[in-house]
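Okay, here's what each chain looks like letter by letter:
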Amino acid sequence: MSSDDFRTTLHSLRVWDTPLPAFDTAAAPAGPLPLFREWFTHAARAGQPEPHTMSLATVDAEGRPDVRVLMLHDADARGWHFASHSTSAKGRQLAGCPEAALGFYWPAVARQVRVRGRVTACGPEESRADLAVRSRGALAAALTGRQSEVLDSPQELVRASAAAWERAGAEPDAPAPTWTRYVLGPAEVEFFQGDAERRHTRLRYTRTPDGTWTRHLLWP
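These numbers come from a predicted model, not from an experiment.

What counts and how
- Residues numbered from 1 in each chain as written.
- Predicted model: local features only at pLDDT ≥ 70, side-chain atom pairs only at ≥ 80, totals over all residues.
- Heavy atoms only, no water.
- 1 Å grid on protein atoms, 1.4 Å probe; cavity = no way out; pocket = protein on both sides within 12 Å on 5 of 7 lines; lining within 4 Å.
- Points joined across faces, edges and corners; volume = space filled by probe spheres on them.
- Helix = DSSP H or I, 4+ residues; strand = E, 2+ residues; numbered from the N terminus.
- Nonpolar A, V, L, I, M, F, W, Y, C, P; charged D, E, K, R; others polar.
- Phe/Tyr/Trp six-rings, centres within 6.5 Å; stacked < 30°, edge-to-face > 60°.
- Buried < 20%, exposed > 50% of the residue type's maximum accessible area, 1.4 Å probe, protein only.

S.K.: I'd like to hear about the layout of surface pockets, residue by residue, with values.
M.R.: Over the atoms rolls a probe the size of a water molecule, and in doing so it shows where empty space is left. In this structure, the largest pocket occupies an estimated 480 Å³ of space. In terms of residue count, the dominant contributor to the lining of the largest pocket is helix H5 (residues 136-144) (four residues). Class assignment for the residues of the lining of the largest pocket results in 12 nonpolar, seven polar and five charged. When residues of the lining of the second largest pocket are traced back to their parent elements, those giving at least two are strand S1 (53-59), strand S5 (99-106), strand S6 (111-121) and strand S7 (179-193). Taken together, the residues that form the lining of the second largest pocket break down as eight nonpolar, three polar and five charged.

Here is the structure:
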């Protein structure tokens, strides 16, 4: 594709050309969790595909940022939950620097949620329970392992995956020792409601030392 074709396509795109939900910040709850759950459910019911996918940003040992998309496993009083191999790139980065950020984008309703905080690795029992409630495919992927390592050939992946799928069917409780559930305990949570006239609404929650939350509106 030529540069002109790319730019023509890029500049032809439009966003938020449908009626958008309102965001009454005066009625927002004292803490971010109830609002996140409300927005998440609203996005799902509005037809947003895969609203549980989110971006996770971390930094490596040299301070270089990294980001990838993964799935939300829960959001509760402890924080936002996700899982991965402790030996993966994200697992190693979190072990070295547990400060991270999450980003949700739901274009069907022009909403974003950003979360920053410290990530804690859960213990083996909770991590195993996380995997136990997921699909056979999720267990097979966990058993395949070696996430983020160099792959010599596609055929090597096919062989390892086939063996993992077979084992996952025969041993639904098969252990995946490096599979780890993580919880990001929020220090800041921002809610963004898009506006067709670019008068976007941004509300940021910041946790205070005593565990309560302060709220501030932000310029878009």
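Next comes the rest of the description.
S.K.: Describe the packing of aromatic side chains, with residues and values.
M.R.: The tally for this structure, following the rule as stated, stands at 12 aromatic pairs. Taking the centre distance of 6.4 Å and the plane angle of 45° together, the rings of Trp 16 and Phe 192 count as tilted. Here Trp 16 is found in the loop between helix H1 (3-12) and helix H2 (32-45), whereas its partner Phe 192 is found in strand S7, with 176 residues between them in sequence. An identical accessibility class is assigned to Trp 16 and Phe 192; each is buried. With 5.2 Å between their ring centres and 75° between their planes, Phe 36 and Trp 80 make a pair best called edge-to-face.

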